[in-house]
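# Report on the structure
For reference, the chains in residue letters:
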Amino acid sequence: MSTATDRRVPDDQVVPGDTSTPPGGRSGRDALSEMSHPHRARALKDVVARVVMWAAFALAMVPLVWILGTVVAKGFHMLTTATWWTGNQRNVNSDDFGGGARHAIEGTLQMVGFTALIAVPIGILTAVYLVEYGRGRLARAISFTVDILSGVPSIVAALFIYAVWVTAFGFSRSGFAAALALVLLMIPVIVRSTEEMLKLVPNELREASYALGVPKWATVVKIVLRTAFSGIVTGVLLGIARVMGETAPLLILAPYTKNFQRDLFNGNFPTLPMMINQDRGDFALATAAERMWGAALTLILLVLLLNVIGRVIAHFGAVKK
């Protein structure tokens, strides 16, 4: 029985299959129209967001493509000469054409390799401690120290090593002293990136391992680190890219030499950033400018090559699903 205020259509008057007048008194066309308004608004917002995102991406790519294009256009022809990969700059004056960069390539790889040999274990172990074991004041102090090192300019790190290594201890400037400064710059990058990768490992994996009676150190080594291996390699590559092009520590701690020098602990040391800086002083000379652009392109290719190698290692070393 319906009352005067009940405006719903009685059940006996509803025609089966008739959707023109749905419950509530609105026609099907009006209901669909009202439902379409929110969808239109969301679609419009989605289009605007996509346009803004791609515009920002294109804007960010402009200086990158400009720099890469300039370096390749002005330095590629130097890399096509055989002497560039086999010779050095000994007895080559600023106005002389030619010369090689093998001494600087070997020096850069040696210095970066030595830096990574020190910084990578320290950075990874520090991140493991902060994520898996660190509690209390010591963990907070370490995390605070890493944050400070992340914002330290490279020249400040170089001056600190100079004050300790050269002034206080009395050792001479060398490639090893510059590597110590690069270690200070590389450690915080590795710590923060590794820490984030370890946090992404699901706790269920740890709990399952503990439930089987596996010790915590074995769980960290065999499960947590293996699961985050790909991300850890990425963090190491970021750290290497961070220090490979640094010039301030080399200017203060490792004077440049045009000869081959494989002794990291004594004498001047050749590196690509210092080779670029050496020829930059004679940029007005076409021969010096060509060597400068060639050294810059060589440095970019080295960073690219190390990234490719790291990606391959991470791909084959990652846990298979």
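Provided above is the structure to which this section pertains.
Description of the structure in this document. Along each chain, numbering runs from 1 in the same order as the chain's sequence is written. At least 70 in pLDDT is required for a residue's local features to be given in this predicted model, at least 80 for side-chain atom pairs to be given and counted, and no such filter applies to totals for whole chains, interfaces and linings, which use all residues. Calculated side-chain values reflect all of the structure's heavy atoms, with hydrogen atoms and water omitted.

The next point concerns the packing of helix α6 (residues 175-199) against helix α9 (residues 229-244). Axes here refer to lines fitted to C-alpha atoms; in helices the fit is confined to the stretch in contact. Angles between the N-to-C directions go from 0 to 180 degrees. Counting from the N terminus, the helices are DSSP H or I runs at least four residues long and the strands are E runs at least two residues long. Close contact between α6 and α9 brings their axes to 8 Å; oriented N to C, the two are set at 155°. On the basis of their axis angle, the class for α6 and α9 is roughly antiparallel. The way α6 lies across α9 gives a crossing that is right-handed. In contact with L182, L185, M186, V189, I190, S193, T194 and M197 of α6, α9 contributes G231, I232, G235, V236, L238, G239, I240, R242 and V243. In this classification, the charged set is Asp, Glu, Lys and Arg, the nonpolar set is Ala, Val, Leu, Ile, Met, Phe, Trp, Tyr, Cys and Pro, and all remaining amino acids, among them Gly, are polar. Per-class residue counts for the contact of α6 with α9 are 11 nonpolar, 5 polar and 1 charged. The scheme is simple: roughly parallel for angles under 35 degrees, roughly antiparallel for over 145, roughly perpendicular for 65 to 115, oblique for anything else. Crossing handedness follows the turn of the near helix against the far one: under a right angle anticlockwise gives a left-handed crossing, and clockwise gives a right-handed one. Two residues form a contact once any of their heavy atoms are found within 4.5 Å.

The rule is simple: put a 1 Å grid over the protein atoms alone, call a set of points where a 1.4 Å probe fits but cannot get out a cavity, call an open set with protein on both sides within 12 Å along at least five of seven lines a pocket, and count a residue as lining if it has an atom within 4 Å of a point. Grid points are joined across faces, edges and corners, and a volume is the space filled by probe spheres set on the points. Scanning all chains against the criterion turns up 1 cavity of 30 Å³ or more. For the largest cavity, the calculated volume is near 50 Å³. Taken together, T108, M111, V112, L182, V243, M244, E246, L250, T271 and P273 make up the lining of the largest cavity. Within the residue set of the lining of the largest cavity, elements represented by two or more residues are α3 (102-133) and α9. If you tally residues by element for the lining of the largest cavity, the top one is α3, at 3 residues.

We now examine the layout of surface pockets. Each pocket or cavity is described by its volume, and for the second largest pocket that value is around 160 Å³. F229, V233, V236, L237, I240, L306, I309, G310 and I313 are the residues that line the second largest pocket. Secondary-structure elements contributing two or more residues to the lining of the second largest pocket are α9 and α12 (286-317). A total of 5 residues in the lining of the second largest pocket trace back to one element, the largest contributor, which is α9. Looking at the lining of the second largest pocket residue by residue, the class counts come to 8 nonpolar, 1 polar and no charged.

Expected helix span is taken as 1.5 Å per residue step, with the number of steps being one fewer than the number of residues. Between its terminal C-alpha atoms α6 stretches 36 Å, which fits the 36 Å expected from 25 residues at 1.5 Å a residue. The seven residues ending at a residue and the seven starting there each receive a fitted axis; the angle between those axes is the bend at that residue. Along its length, α6 reaches its greatest deviation from straightness, about 25°, at M186, and the proline P188 lies no more than four positions downstream. Burial status follows relative accessibility: with a 1.4 Å probe on protein chains alone, a residue under 20% of its type maximum counts as buried, one over 50% as exposed, and anything between as partly exposed. When you tally the buried positions in α6, you get 18 out of 25 residues, the bulk of the element.

The next thing to look at is a nonpolar patch on the surface. Patch membership requires over 30% relative accessible area and the absence of a salt bridge. Like charges are linked within 9 Å, and nonpolar side chains (Val, Leu, Ile, Met, Phe, Trp, Tyr) within 5 Å. Every accessible area reported is derived by Shrake-Rupley at a probe size of 1.4 Å, with residue values counting cover from the shown protein chains alone. A carboxyl oxygen of Asp or Glu within 4 Å of a side-chain nitrogen of Lys or Arg is what we treat as a salt bridge. A cluster of nonpolar residues, L301, L304, V308, V312 and F316, forms a patch on the protein surface that exposes about 470 Å² of accessible area. Along the polypeptide, V312 turns up in helix α12.

Note on placement: E196 falls in helix α6. For the pair E196 and V131, spaced 65 residues apart in the sequence, the C-alpha separation amounts to 8.9 Å.

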